[in-house]
Amino acid sequence: MTSAGDGPWLDDAAGRLVRPYQVSNGRTRPSTALDLLSQVMATGVTPLGYLGPEHAQALELCRDPVSVAEVAAHLRLPAAVTKVLLSDLVDCGALSMKPPTFHHNPTDRSLLEAVLDGLRRQL
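What counts and what doesn't
- Residues numbered from 1 in each chain as written.
- Predicted model: local features only at pLDDT ≥ 70, side-chain atom pairs only at ≥ 80, totals over all residues.
- Heavy atoms only, no water.
- Helix = DSSP H or I, 4+ residues; strand = E, 2+ residues; numbered from the N terminus.
- Buried < 20%, exposed > 50% of the residue type's maximum accessible area, 1.4 Å probe, protein only.
- Contact = heavy atoms within 4.5 Å.
- Areas by Shrake-Rupley, 256 points an atom, 1.4 Å probe, with all protein chains shown as cover.
- pLDDT = per-residue confidence, 0-100.
- Core = buried A, V, L, I, M, F, W, Y, C linked by side-chain atoms within 4.5 Å.
- Polar contact = N/O pair within 3.5 Å; in protein donor to acceptor, adjacent residues only side chain to side chain.
- Pairing = 2+ DSSP bridges.

**Here's the deal with the overall build of the protein chain**
At step 1: A count of helices and strands for the protein chain gives five helices and five strands.
At step 2: Reading the secondary structure of the protein chain in the N-to-C direction produces β-β-α-β-α-β-α-α-β-α.
At step 3: Expressed as a percentage of the 123 residues in the protein chain, the buried residues total 28%.
At step 4: Considering only intrachain contacts with a sequence separation of at least 6, the fraction spanning at least 24 residues in the protein chain is 67%.
At step 5: When the accessible surface of the protein chain is split by element, carbon and sulfur atoms take 57% of a total near 8200 Å².

Written out as structure tokens, the structure is:
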């Protein structure tokens, strides 16, 4: 049975009907270097050819700048699979990508403690 709003790709008992390795055609490495914090955004270019429903969902999520991690969470896919999907869209010109920028040292103890504190408040 399909959950409301999930479409035919999810089943309450079985879970995801299309396995992640099928979504990425068995590929495990993206052709574009993407970090979980990389920002991706739709360019307005329509991809040529058929890419799949997950590509269309990812493209829809990227109307505004969004991180790779957020796209993975919304698609309910592993980050590695999401990176492959997004790199396909970058390769065909449908997405632009901006690497993460850090204004501070990303290993700064106070920054890491602030992130941990924020995560604890969310849980």
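**A short note on the confidence of the model for the protein chain**
At step 1: Across the protein chain, the average pLDDT comes to 78, with 72% of residues at or above 70.
At step 2: Across residues 1-7, confidence stays below pLDDT 50; counting only partners more than four residues off in sequence or on other chains, it has nine contacts.

**So, the environment of L85**
At step 1: Tracing the backbone through its elements, the reader meets L85 in helix 4 (residues 79-91).
At step 2: Placed 34 residues apart in sequence, L85 and L51 show a C-alpha to C-alpha distance of 8.9 Å.

**Describing the nonpolar core**
At step 1: Core analysis: the biggest nonpolar cluster contains 17 residues, and V40, C62, V71, L86, L89 and L95 have the highest contact counts within it.
At step 2: Elements with a contribution of two residues or more to this core: helix 2 (53-61), helix 3 (68-75) and helix 4.
At step 3: Looking at which element gives the most residues to this core, the answer is helix 4, with five residues.
At step 4: Those residues in contact with V71 that lie beyond four places of it in its chain are V40, A58, L61, C62, V66, T82 and L86.

**So, the side chain of S38**
At step 1: Among the structural elements, S38 can be located in the loop between helix 1 (20-23) and strand 3 (39-42).
At step 2: Of the polar contacts made by the side chain of S38, one reaches the backbone nitrogen of D35; its length is 2.8 Å.
At step 3: Once residues within four sequence positions are removed from consideration, S38 is found in contact with V66, S67, V68, M97, K98, P99 and P100.

**Observations regarding unusual backbone geometry**
A negative phi angle characterises most non-glycine residues, just as the trans form characterises most peptide bonds.
At step 1: Positioned with a positive phi, R76 is a non-glycine residue whose angle comes to about 60°.
At step 2: With respect to the helices, strands and loops of the structure, R76 is situated in the loop between helix 3 and helix 4.

**Overview of the sheet that holds strand 4 (residues 66-67)**
Adjacent strands of a sheet pair through backbone hydrogen bonds, lying either parallel or antiparallel.
At step 1: Spatially, three strands are ordered 4-3-5 in an open sheet, and the strand pairing comes out antiparallel. This sheet does not close on itself; its edge strands, each paired only once, are strand 4 and strand 5 (95-98).
At step 2: Of the strand pairs in this sheet, strand 3 and strand 4 are connected by two bridges, and their pairing is antiparallel. The residue bridging V40 from the neighbouring strand is V66, located in strand 4.

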